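Observations on the three-dimensional arrangement
Chain by chain, the residues run as shown.
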Amino acid sequence: QVQLIESGGGLVQAGDSLRLTCVRSPPSFERRSMGWFRQAPGKEREFIASISGRSGATKYGDSMKNRFTISADFDKNTIYLDITNLEPEDTAVYYCAGTIFEMGVFISTHNYDYWGQGTQVTVSS
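Residues numbered from 1 in each chain as written. Predicted model: local features only at pLDDT ≥ 70, side-chain atom pairs only at ≥ 80, totals over all residues. Heavy atoms only, no water.

**Quick look at the overall build of the protein chain**
- In terms of regular secondary structure, the protein chain is built from zero helices and 11 strands.
- Along the protein chain, helices (α) and strands (β) appear in the sequence β-β-β-β-β-β-β-β-β-β-β when read from the amino end.
- By the compact-globule yardstick of 14 Å for 125 residues, the protein chain fits well, its C-alpha radius of gyration being 13 Å.
- When its C-alpha atoms are laid out on the principal axes, the protein chain stretches across 40 × 25 × 25 Å.
- Expressed as a percentage of its 125 residues, the buried residues of the protein chain come to 43%.
- Carbon and sulfur atoms form 48% of the exposed surface of the protein chain, whose accessible area is close to 6,700 Å². (Helix = DSSP H or I, 4+ residues; strand = E, 2+ residues; numbered from the N terminus. Rg over C-alpha atoms; globule rule 2.2 N^0.38 Å. Buried < 20%, exposed > 50% of the residue type's maximum accessible area, 1.4 Å probe, protein only. Areas by Shrake-Rupley, 256 points an atom, 1.4 Å probe, with all protein chains shown as cover.)

Below, the structure written as structure tokens:
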């Protein structure tokens, strides 16, 4: 069974940068499209970014393009989310998600079959 394990969250100050990491287990030669989402208390899960397994093409949520960067090292079964200039509004649980598709980028939670347990990011002002 595929597991996704996130790390890198924590308590940071506004203006800081952060790198979140998601590792797929068990390791696989498959390159499947992956994504990052976040969910703040009382809000719906929000799409941040997706990366294609085959091409490495990326897609971002409309409000995520400037400060969020998704990247992948599929040889290490790992994807990353870099966040710069963190704001208190970024406080949320951040989730890594995986699809069964090699191609394409996906913005809907319905396209994802695997989810990590989430990592909490808290931004203090």
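**Some remarks on the side chain of Asn77**
- Summarising the element assignment, Asn77 is placed in the loop between strand E7 (68–73) and strand E8 (78–83).
- By relative accessible area, which is 12% here, Asn77 ends up buried.
- Not counting the four nearest positions on each side in its chain, Asn77 is found in contact with Cys22, Val23, Arg24, Pro27 and Ser28. (Contact = heavy atoms within 4.5 Å.)

**Topic: the side chain of Ser52**
- Among the secondary structure elements, Ser52 is positioned in the loop between strand E5 (46–51) and strand E6 (58–60).
- When its relative accessible area of 2% is taken as the criterion, Ser52 is described as buried.
- Separated by 3.4 Å, the side chain of Ser52 and the backbone nitrogen of Arg54 make a polar contact. (Polar contact = N/O pair within 3.5 Å; in protein donor to acceptor, adjacent residues only side chain to side chain.)

**Concerning the nonpolar core**
- The biggest cluster of nonpolar side chains holds 26 residues, and the ones touching the most others in it are Leu20, Met34, Trp36, Ile48, Leu81 and Tyr94.
- At the level of elements, strand E3 (18–25), strand E4 (34–39), E5, E7, E8, strand E9 (92–98) and strand E11 (119–124) are the ones that each hand at least two residues to this core.
- Counting residues in hydrophobic clusters, the runner-up holds five residues, among them Phe37, Phe47, Ala97 and Tyr112. (Core = buried A, V, L, I, M, F, W, Y, C linked by side-chain atoms within 4.5 Å.)

**A short note on the state of the cysteines**
- Across all of its chains, the model carries one disulfide by this definition.
- The residue that forms a disulfide with Cys22 is Cys96, at a sulfur-sulfur distance of 2.0 Å. On the sign convention where negative is left-handed, the bridge of Cys22 and Cys96, at about -70 degrees about the S-S bond, is left-handed. Of this pair, Cys22 sits in strand E3 while Cys96 sits in strand E9; the two residues are 74 residues apart in sequence, bridging distant segments of the chain. (Disulfide = S-S within 2.5 Å.)

**Notes on the pattern of salt bridges**
- In the structure shown here, the tally under the stated rule is 10 salt bridges.
- For Arg32, the salt bridge identified is with Glu102, shortest N-O distance 3.6 Å. Taken together, the residues Arg32 in the loop between E3 and E4 and Glu102 in the loop between E9 and strand E10 (114–115) connect sequence positions 70 residues apart.
- One network of salt bridges, with partners in common, ties together Arg24, Glu30, Arg32, Arg54 and Glu102. (Salt bridge = Lys/Arg side-chain N within 4 Å of Asp/Glu carboxyl O.)

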